[in-house]
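Overview (structure and organization)
If you want the building blocks of each chain, they are given just below.
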Amino acid sequence: MSNAQHLANVMVNAFIDAVNRGIDLVPVVADSTSTAKIAPFIKAFPDRLVNVGIAEQTLVGTAAGLAIGGKVAVTCNAAPFLISRANEQVKVDVCYNNTNVKLFGLNAGTSYGPLASTHHSIDDIAIMRGFGNIEIYAPSCPLECRQIIDYALDHVGPVYIRLDGKDLRQLHDDSYQFRPGNIDVLRSGKDIALVAMGSTVHEIVDAAELLQGQGIDAGVIAIPSIRPCDTQQLRELLNHYPAVITVEEHNVNGGVGSLVAEVLAEGGCGIPLLRLGIPDGQYAIAGDRASTRARHSIDAASVVKNALRICTGE
C-alpha cells in the first residue's frame, strides 16, 4: 500500500482533532518544534503549547505538573534525549506517580543517521520496559499510529509511544482496528516467523515477499503493543513455526527480541530464535538508514539471507 506519511505529522493531526473534540491537551516541547512538526497545532491553538527550551528534565516535570492539574500532557521531542536526559523524571514524575502524561519519542532508532550515537535511540524500549506502570507502543504505519495515539489520549495513565523519523507507507487497510496488547499478524506462513516492531516491520514485510519467490513461506508478525502484550497469543502464534527471527532497530537486549525470547522460554517452547538488531556491546554506525540497516543485518536482504540459512540448513 502507498500513502506514506511522517508519523510526527500523524501525531500533530491527532492532537488537533483531540482538542477539537474536547480533550484538554497541552503539548510540551524542549525547543523541539521542528522535530515535532508542531507548527499546524500552534497555528490552530497558539496558547496551548509549552516550550521549556533545551531542558528535557524540565520538560517531563512540567508535563507531570500539567497532568496533575487536570490536563492531558504530551511531550514531543527526540527519543534519545527524552529517555536519556529525563530518565529519573520519567521514572518518578510519570511512572511512579502515575501521572496522565503521554511521552512521544520522536525520530527513534537510527532516524538521525549520520548524527551518530548521541542522536540514536537504540535503548529506549529496554529502558521503558524496565520501568513499571507505563504502556509502551511502537506503530508501524500511519493508520496504526493514528489509532494508537487516539487510544493513548483517551486512556488515563502514562504512555510511551516510539515514533520513527522517516515517512512510512501504509501496511493496513481501513478495516484495521488497533487493540492494546494485540499481536498483529500481517501474513501467515509455515516455514519461519518474522517478528518486528515499528519501522522494521516494513523490512520483514519486504523480506517475506522475497522469500516467497524462493519457496519459503514466511509469517509476518508485528508487535505494536509492547506493554500490554498478549503473550499467550504471541506464544500460540509462534508455536506453529519451526523457527523465529526478530528484527528491530534497537539493541538486541531489552526490545522485541528479548520479549519474544522471554515468551518462548517461559512457555517451554523449544523453537530456534535468531535476534537481529544492534549487537550487544555495540552502537549503530553513523550513516544513512539503508547503510545502517544493512551493516547491522536488519534490512530485508539480510533477513532473507538469514531465513534461507535457517530454513535450508546451509
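Look up a bit, the structure's there.
About the cut-offs
Residues numbered from 1 in each chain as written. Predicted model: local features only at pLDDT ≥ 70, side-chain atom pairs only at ≥ 80, totals over all residues. Heavy atoms only, no water. Pairing = 2+ DSSP bridges. Helix = DSSP H or I, 4+ residues; strand = E, 2+ residues; numbered from the N terminus. Axes fitted to C-alpha atoms, helices over the stretch in contact; angles between N-to-C directions. Salt bridge = Lys/Arg side-chain N within 4 Å of Asp/Glu carboxyl O. Buried < 20%, exposed > 50% of the residue type's maximum accessible area, 1.4 Å probe, protein only. Contact = heavy atoms within 4.5 Å. Phe/Tyr/Trp six-rings, centres within 6.5 Å; stacked < 30°, edge-to-face > 60°.

1. Structural notes on the sheet that holds strand β14 (residues 273-278)
The mixed open sheet is built from five strands, whose spatial order is β9-β11-β10-β13-β14. Only two strands of the sheet have a single neighbouring strand rather than two, namely β9 (184-187) and β14. Going from strand to strand, the sheet's axes swing by 25 degrees on average, the running direction of each strand aside. Sheet topology note: the β9/strand β11 (residues 218-222) ladder contains three bridges and is antiparallel. Paired with Arg-187 across the strands is Val-220, a residue of β11.

2. Let's talk about the pattern of salt bridges
Tallied over the entire structure, the rule returns 15 salt bridges. Taking the shortest distance from any N to any O, the salt bridge between Arg-85 and Glu-56 comes out at 3.2 Å. Of this pair, Arg-85 sits in helix α5 (residues 79-85) while Glu-56 sits in helix α4 (residues 56-68), and the two are 29 residues apart along the sequence. Using a relative accessible area of 41% as the deciding quantity, one classes Arg-85 as partly exposed. Its salt-bridge partner being Asp-206, residue Arg-169 comes within 2.9 Å of it at the nearest N-O pair. Taken as a pair, Arg-169 in the loop between β8 (167-168) and β9 and Asp-206 in helix α9 (residues 201-212) lie far apart in primary sequence, 37 residues in all.

3. Examining helix α11 (residues 256-266)
If you check which residues of α11 are buried, you get Val-256, Gly-257, Ser-258, Leu-259, Val-260, Val-263 and Leu-264. Buried residues belonging to α11 abut α7 (124-130), β10 (192-196), β12 (225-227), α10 (231-238), β13 (244-251) and β14.

4. Some thoughts on the pairing of β10
Counting buried positions along β10 yields five of five residues, so the element is predominantly enclosed. Along β10, one buried face is formed by Ile-192, Leu-194 and Ala-196 and the opposite face, lined by Ala-193 and Val-195, is buried too. Inspection of the sheet shows β10 paired to β11 by five bridges, in the parallel sense. Counterpart to Ala-196 in the pairing with β11 is Ala-222. As judged from the four bridges shared by β10 and β13, these two strands associate in the parallel manner. Residue Ala-196 lies in a different strand from β13, and its bridge partner there is Val-247.

5. Brief notes about the sheet that holds β12
Strand order in the open sheet made by the seven strands is β3-β2-β4-β5-β7-β6-β12, with mixed pairing throughout. Looking along the sheet, the strands with just one partner apiece sit at the ends: β3 (50-51) and β12. Bridge count for strand β5 (residues 101-106) against strand β7 (residues 159-162) is four bridges, and the pairing is parallel. Across the sheet, the residue bridging to Lys-102 is Val-159, located in β7. Sheet contacts for helix α1 (residues 7-20): β2 (25-29), β4 (72-78) and β5; angle to β2, the most-contacted strand, approximately 145 degrees.

6. Looking at the packing of aromatic side chains
Counted according to the given criterion, the structure contains six aromatic pairs. Consider the rings of Phe-15 and Phe-41, whose centres lie 6.5 Å apart with planes at 85 degrees: the pair is edge-to-face. Taken together, the positions of Phe-15 in helix α1 and Phe-41 in helix α3 (residues 39-44) put the pair 26 residues apart, joining distant regions of the chain. With a relative accessible area of 0%, Phe-15 lands in the buried category.

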